[in-house]
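Each chain, letter by letter, is given below.
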Amino acid sequence: MTTLDFAGTHQTYPAGIRAGIAVVPLHDDLWRVTRADGDVLGYVERSLTVSGYRYLAKRLLRRQRRFLPVGEFWEFDDAMDCFRF
């Protein structure tokens, strides 16, 4: 498991491998999502709204060199499910 030095010690969700994808915290509100071999799939970004935290899943489109927002969710695990397929 890779943890970046600047990610800090306080993590809301642990880094690790789940369902064939790895989650690497970059800071308190941003996680990189990769395949177990290190291939970057995208990112999950957390934002605070008046109703609570929302999690935005963004898939990396390599050929177009941009990110495609896949969905916004109330739960971190729901945002992670976007990368399993």
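Structure report, in brief. (Residues numbered from 1 in each chain as written. Predicted model: local features only at pLDDT ≥ 70, side-chain atom pairs only at ≥ 80, totals over all residues. Heavy atoms only, no water.)

### Notes on the pairing of strand β5 (residues 52–61)
Okay, step 1: In terms of strand pairing, strand β4 (residues 40–49) meets β5 through 8 bridges, oriented antiparallel. Note that in β5 the partner of Tyr 43 across the bridge is Lys 58.
Okay, step 2: The hairpin formed by β4 and β5 contains 2 residues between the paired strands.
Okay, step 3: The pairing of β5 with strand β6 (residues 66–73) spans 7 bridges and is classified as antiparallel. Bridging from a neighbouring strand, Leu 60 pairs with Phe 67 of β6.
Okay, step 4: Between β5 and the antiparallel strand that follows it, β6, lie 4 residues; Arg 65 among them carries a positive phi value of about 55°. (Pairing = 2+ DSSP bridges. Helix = DSSP H or I, 4+ residues; strand = E, 2+ residues; numbered from the N terminus.)

### Observations concerning the environment of Leu 56
Okay, step 1: Relative to the assigned elements, Leu 56 resides in strand β5.
Okay, step 2: Residue Leu 56 is classed as partly exposed on the basis of its relative accessible area of 24%.
Okay, step 3: Sequence spacing of Leu 56 and Met 80 is 24 residues, and the spatial spacing of their C-alpha atoms is 9.6 Å.
Okay, step 4: Once residues within four sequence positions are removed from consideration, Leu 56 is found in contact with Tyr 43, Val 44, Glu 45, Pro 69, Gly 71 and Glu 72. (Buried < 20%, exposed > 50% of the residue type's maximum accessible area, 1.4 Å probe, protein only. Contact = heavy atoms within 4.5 Å.)

### Observations concerning unusual backbone geometry
Okay, step 1: Positive phi, normally seen in glycine, also occurs at Arg 65, with a value near 55°.
Okay, step 2: Locating Arg 65 in the fold gives a position in the loop between β5 and β6.

### Re the environment of Leu 61
Okay, step 1: Its location among the elements puts Leu 61 in strand β5.
Okay, step 2: Relative accessible area serves as the criterion here: at 23%, Leu 61 is assigned to the partly exposed category.
Okay, step 3: Through-space distance from the C-alpha of Leu 61 to that of Gly 42 is 8.5 Å; in sequence the pair is 19 residues apart.
Okay, step 4: Sequence-distant contacts of Leu 61, defined by excluding residues within four places in its chain, comprise Arg 66 and Leu 68.

That is the geometry; function is a separate question.
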